[in-house]
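# A structural walkthrough
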Amino acid sequence: MNKDLSSRKKFIEDHRSNFSVIAPAGVGKTTAIVKRIAKIITNFFEDSDQLLLVTYTQKAAAELLERTHAEIERTSTGKEFFEKIRKVFFGTIHELASKIIRENLSQLNLRADFKIEQDISSLWNDFSLETDYLAGLPEPMKNYLLTFIKYKNIHSSYLHLSHAPITGCIKNFPHINCDDVLSFKAGSRSKNIARFQNELKKWLGNGKGEKYRHKFPELSTKSQNFLEIYESTIMPLIDWAANTYGHILNKIHNDFLAYRLHLGKLTFDDLIKLANQILYHGQNYDEEIKSKKYSIILDEAQDTDPEQFKLLLGLIDKGWVENDYKTFPTTGRFCMVGDPQQSIYGDRTDVSTYLKIHNDLIDNNIATKLTFSITKRFSKNIAENINSFFPKILDGKNGQVDFVKLDSEKISPTPTPWSKIVVKNRPENENQLNPEIQAIKSLFSNKIPENFQVSHWSNIAILCPRKAWLGEIKEACCQDKSMPKMQMHSQDRTYADSIIFSWTTALLTCICEPDNFFEFAGILHEIFAIKDSIVADHFKTEKAENINEIESALEILRSKIYIKSISSIIEEIVLSFHLIDRILAISQNSEDEIFSTLDHLLTAANEADINNIPLAEFCNTLKNLLKENQPPPKIDKNALQLYTFHKSKGLEWEIVILPFLFRGKRQHEAAFPRLIKTRSGQKIAMNALQENKYKDEQKIRSRQNDERLVYVALTRQKSTAIFFDDRAIFQTTAGSTADSLRLTDEASPGFELFNDLAEFCHHPAKPPESRGLPKAVETSRDNMHISINSLNEQDYLAYVKISPSLADSNHFDTTKNMTPKELNGQGNEQGINYGLLWHETMNLVHWNEKNFNRSILKIIDEIDNERLALEVDKLINCAPFQSLIHSSDLILTEYSFFLPQEETTLIDGRIDMLLKNKNNLRIIDWKTDITTKERHFIESYCNQITLYGQALNKIFNINPEKYIYSTFLGKLIKI
């Protein structure tokens, strides 16, 4: 039997053993875990609440739960198994810690409604106002310490030093003899030494009681003779300052934790710390744990930090942890699945801890080691490339992990899965990304996905080692209309990062709180770009006219809050203040991002309306959301995906592009004092000379983390990786991805990473053929006027015709399931008549002229219909719609087509509006339904619009963008 298959089978079926599984990229790890859970539930566990499945993210936990449910549904018939699934814990380590805390609140004196605070800066500000950071430190020591760090700097340094335990203690101040330092004769070129000596004299005092009042001087010199004296004489002072400051920070950390406990506002790190406090020091909890006999399956084990391991292993047997993992007696209760090669979060996890636990489990016969090696992601030749390349990088030396060889049973679709593009144009400044960005444009300009043998642009990802470079790529490429759209996933975004969300929230606040001058001044500055001096004058004496107009508009909206729904108020805010146009003018946010957030806002507003929640309460809900993370955006199939190496972990694409292979990554370093990781724990460095003691260790640690990051990036592709050979534009490649990969000319003169291509070019794919596709006989302006096809009347009648307008069940009953309020007293016949009137009116407009709005208004003046006039006004003020029209080269209305689908079937349709922009097509379909529910349009007309898109795709080999325009909402809805 295949060794990999045998390992999987053993892991799935043997419930009696503990396992530590090494599961590299794409080997089907999730499938193996799901099958094991299903096997345990259906064959072993009576009390399934004893089974804990712990993974890294809520999304991963939800996926495991869903797939386990499907697996049991596929293999079992008993309903009792689904009840068992409900009791199994699927979640993150923090959710598990929160569960333990909620069951033991009394031991912590913690309120039951405690919340998680992701941003503690405001809490820290409140805490620091009433806290003496140096309380408890003897008065002389305070004075000594404040010569090394200013009191006000404790505030900023705590926030970036507090995330990890720090070693520190109070010792007596080391009184030193500085004679050797002061008497050192520096050469004429050693001005830095002379400067240090003068500053040191000031620090030592002038004999008039001013000792230790000046800031302790910093030294910058390479003189080895002087550094030896400095090391023996001065360094004890620096070490004292670091130790004392570490002690102070630990005390602040404990006091701040007590403050957060009192308020019921915790961080994620607090959850782990408090759960461990209950587990190891709680009352009677030990006996309760033993009675539970938990069994744990840990996913993504390489990303589990020491404190988290302490919690998980302690749930099984805390004695095992306390005895250094060497006395664990029970089998079948702990399994972990991970890949040390993908341990890439070196700032907060420690791969050495994971490897130690893994090795202790194996060496003490507590667990069986299994390694999966057959990848399902990519083909055999990609696996061979990786196998020939990474053993010299992930070599198991100096704490680096060992490489796990990959194999694949997939046949390669191409002989050269790794290709390169040579970038040679040197910019004036090496920091400019212009050469690589121009190469990206050359690669994608005027192309369609089929040119790369993929069905959608989202099958291609551009990966960067730094997130700042993603923004520059997107900004430069989005200005080029010949380029595909780009969707960036650089970091977790809070709601405050969304301009439309924060602006709408601020305006709602001003409506609900008329006397909130602070918020009003904020929106004047942020949204309307009014100078602070003008705002100040307005509040004092002079009333600025433009500010009066804003106040009047807010007053009008304020008068409507009792008669209008919250969703209507939000829509009026967006339209009245032209928020979308303002955002697009100042930022790179795409319209898709803006409308996605707006949809989220309006959905929440509709729910608030249904539940009769007051506007002020809804506004407070939005303000509280500002600090929280937004859900990840849905993948836009029509956009290239932009990711950092870190964010790409766990994902896969058909094609991966690495454009910055030789560009160095220059990391911004925090100010001193700063935290450094050492083999003996976290330490504080007060200056560069103290940090130098650990410099080599830090470099090795950083390099090894980068090497694992590159492994992650190079195992994301399913068929092709494209590299940019941009070394010609740099004087040095130090600190680059290529440097991590040992791709220097000296180390690899043959440049074995690449094939011999001088350029890279995909051959365009042939457009899909449609049987009996008729040729257009009426064409003009790039074949866009395809309204009559070469079928005679007899042939046309012989086809079974599919009308896209009949593809949706609600098309002929647009008032179905609407309330009387939504119908507004309008009968179905009257609604159909109005729909015909709207369509006829829109067909009269000269859309291809610059002043098309003027022609709309002229037509409306001749038609006496109040609703038509109101909704045309909404159309003129709909910024997204206006933007699409202005950016189009050609606009056609009532675009008719018929297209053979099969031998006996014909799609026969008419599109309300078709827009052409270079290589892009856009469909807009008018809908006059009277409803405030956006989902009504999506549910009712999705099939119709999809068929339109499929037909145009077959005619022009272009996948069009598809929109519905709701005349009642005055809104453009993307399908």
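Residues numbered from 1 in each chain as written. Predicted model: local features only at pLDDT ≥ 70, side-chain atom pairs only at ≥ 80, totals over all residues. Heavy atoms only, no water.

### Brief notes about the overall build of the chain
For the chain, the count of helices and strands is 39 helices and 22 strands. Split into buried and exposed, the 975 residues of the chain put 49% on the buried side. A sequence separation of at least 24 residues applies to 75% of the contacts in the chain between residues at least 6 apart. (Helix = DSSP H or I, 4+ residues; strand = E, 2+ residues; numbered from the N terminus. Buried < 20%, exposed > 50% of the residue type's maximum accessible area, 1.4 Å probe, protein only. Contact = heavy atoms within 4.5 Å.)

### Thoughts on the pairing of strand S14 (residues 674-678)
Extensive coverage of S14 is indicated by the burial of five of its five residues. Judged by which residues are buried, S14 turns out to be covered on both faces: Arg674, Ile676 and Thr678 on one side and Leu675 and Lys677 on the other are all buried. Where S14 lies against strand S15 (residues 681-685), five bridges are found, and the strand directions are antiparallel. Each residue of the ladder has a partner; that of Lys677, found in S15, is Gln682. The hairpin turn running from S14 into S15, its antiparallel successor, is two residues long. (Pairing = 2+ DSSP bridges.)

### Remarks on the environment of Leu137
Within the secondary structure layout, Leu137 lies in the loop between helix H7 (121-129) and helix H8 (139-145). For Leu137, a relative accessible area of 5% puts it in the buried group. When the C-alpha positions of Leu137 and Ile248 are compared, they lie 8.4 Å apart, and in sequence the two are 111 residues distant. Setting aside anything within four residues of it in sequence, one finds Leu137 in contact with Lys142, Leu145, Ile170, Thr244 and Ile248.

### Overview of the nonpolar core
Counting residues in hydrophobic clusters, the biggest one holds 63 residues, and the most contacted among them are Phe11, Ile386 and Phe390. If you tally residues by element for this core, the top one is helix H2 (residues 29-43), at seven residues. Apart from the residues within four sequence positions on either side, Ile386 is in contact with Phe378, Pro391, Phe403, Leu406, Trp418, Tyr711, Leu714 and Thr715. (Core = buried A, V, L, I, M, F, W, Y, C linked by side-chain atoms within 4.5 Å.)

### Focus: the sheet that holds strand S11 (residues 485-489)
On the basis of which strands lie adjacent, the open sheet formed by six strands has the order S9-S16-S13-S10-S12-S11 and parallel pairing. Each edge of the open sheet is held by one strand with a lone partner, namely strand S9 (418-422) and S11. On average, each strand axis in the sheet is inclined to that of its neighbour by 25°, with strand direction left out of account. (Axes fitted to C-alpha atoms, helices over the stretch in contact; angles between N-to-C directions.)

### Details of empty space enclosed by the protein
Overall, the coordinates contain four cavities of 30 Å³ or more when judged by the stated rule. Of the voids in this model, the largest cavity is the one considered here, and its volume is about 210 Å³. Val574, Leu575, Ile580, Leu598 and Gly970 are, among the 19 residues lining the largest cavity, the residues nearest its centre. Secondary structure elements with two or more residues in the lining of the largest cavity: helix H25 (566-576), helix H26 (579-586), helix H27 (591-610), helix H38 (879-886) and strand S22 (971-974). Counting residues per element, the lining of the largest cavity draws most heavily on H25, at four residues. Its residues placed into classes, the lining of the largest cavity shows 13 nonpolar, three polar and three charged. As a volume, the second largest cavity reaches approximately 60 Å³. (1 Å grid on protein atoms, 1.4 Å probe; cavity = no way out; pocket = protein on both sides within 12 Å on 5 of 7 lines; lining within 4 Å. Points joined across faces, edges and corners; volume = space filled by probe spheres on them. Nonpolar A, V, L, I, M, F, W, Y, C, P; charged D, E, K, R; others polar.)

### Overview of the confidence of the model for the chain
In the predicted model, the chain carries a mean pLDDT of 80, and the fraction of residues at 70 or more is 84%. Confidence scores differ between elements of the chain, with helix H34 (residues 820-823) showing the lowest mean pLDDT of 34 and strand S10 (residues 460-464) the highest of 96. A low-confidence stretch, residues 744-799 stays under pLDDT 50, and its non-local contacts, those more than four residues away or across chains, total 103 contacts. Note that residues 808-827 has pLDDT below 50 and, in this model, 34 contacts with residues that lie over four places away or in other chains. (pLDDT = per-residue confidence, 0-100.)

### Considerations on the pattern of salt bridges
Counted according to the given criterion, the structure contains 39 salt bridges. In this structure, the salt-bridge partner of Glu934 is Lys971, at a minimum N-O distance of 2.8 Å. Of the two residues, Glu934 sits in helix H39 (residues 934-956) while Lys971 sits in strand S22, which places them 37 residues apart along the sequence. Overall, the relative accessible area of 15% leaves Glu934 in the buried class. (Salt bridge = Lys/Arg side-chain N within 4 Å of Asp/Glu carboxyl O.)

### A few points about the packing of helix H5 (residues 93-102) against helix H14 (residues 268-281)
As a packed pair, H5 and H14 sit with axes 8 Å apart at the nearest point and diverge in direction by 50°. For the element pair H5 / H14, the angle class is oblique. Our pair here, H5 against H14, has a crossing hand that is left-handed. In contact with Ile93, His94, Ala97, Ser98, Ile100 and Ile101 of H5, H14 contributes Phe268, Leu271, Ile272, Leu274, Ala275 and Ile278. Residues belonging to the contact of H5 with H14 are distributed by class as follows: ten nonpolar, two polar and no charged. (Parallel < 35°, antiparallel > 145°, perpendicular 65-115°, else oblique. Left-handed = near helix turned anticlockwise from the far one by under 90°.)

### So, the packing of aromatic side chains
Applying the stated criterion across every chain, the model contains 37 aromatic pairs. Between the aromatic rings of Phe403 and Tyr711, the centroid separation amounts to 6.4 Å while the plane-to-plane angle is 75°, which identifies the pairing as edge-to-face. With Phe403 in the loop between helix H18 (380-389) and S9 and Tyr711 in helix H31 (residues 695-714), this pair connects stretches of sequence that are 308 residues apart. Summarising the burial analysis for this pair, Phe403 and Tyr711 share the class buried. Against the face of Phe114 rests Arg102, its NZ or CZ located 4.0 Å from the ring centre. (Phe/Tyr/Trp six-rings, centres within 6.5 Å; stacked < 30°, edge-to-face > 60°. Lys NZ or Arg CZ within 6 Å of the ring centre and 35° of its normal.)

### Concerning the sheet that holds strand S8 (residues 368-371)
Within a sheet, adjacent strands bond to each other through the backbone by hydrogen bonds, running parallel or antiparallel. Taken together, six strands build an open sheet; the order of strands is S3-S2-S6-S7-S1-S8 and the sheet is parallel. In this open sheet, the two strands that pair with only one neighbour each are strand S3 (89-92) and S8. Pairs of neighbouring strands in the sheet enclose a mean axial angle of 15°, with direction left out of account. The sheet contact formed by strand S1 (residues 19-22) and S8 spans four bridges and is parallel.

### Examining unusual backbone geometry
The residue Glu300 is not glycine, and still its phi comes out positive at about 50°. Tracing the backbone shows Glu300 in the loop between strand S6 (295-299) and helix H16 (306-322). A positive phi angle is found at Asn398, which is not glycine, with a value near 55°. By secondary structure assignment, the location of Asn398 is in the loop between H18 and S9.

### With respect to the side chain of Asp303
In this fold, Asp303 is placed in the loop between S6 and H16. A relative accessible area of 2% means that Asp303 is categorised as buried. A polar side-chain atom of Asp303 sits 3.3 Å from a polar atom in the side chain of Lys649. Contacts of Asp303, omitting those with residues within four sequence positions, involve Tyr56, Gln308, Gln342, Ser343, Ile344, Tyr345, Arg348, Thr349 and Lys649. (Polar contact = N/O pair within 3.5 Å; in protein donor to acceptor, adjacent residues only side chain to side chain.)

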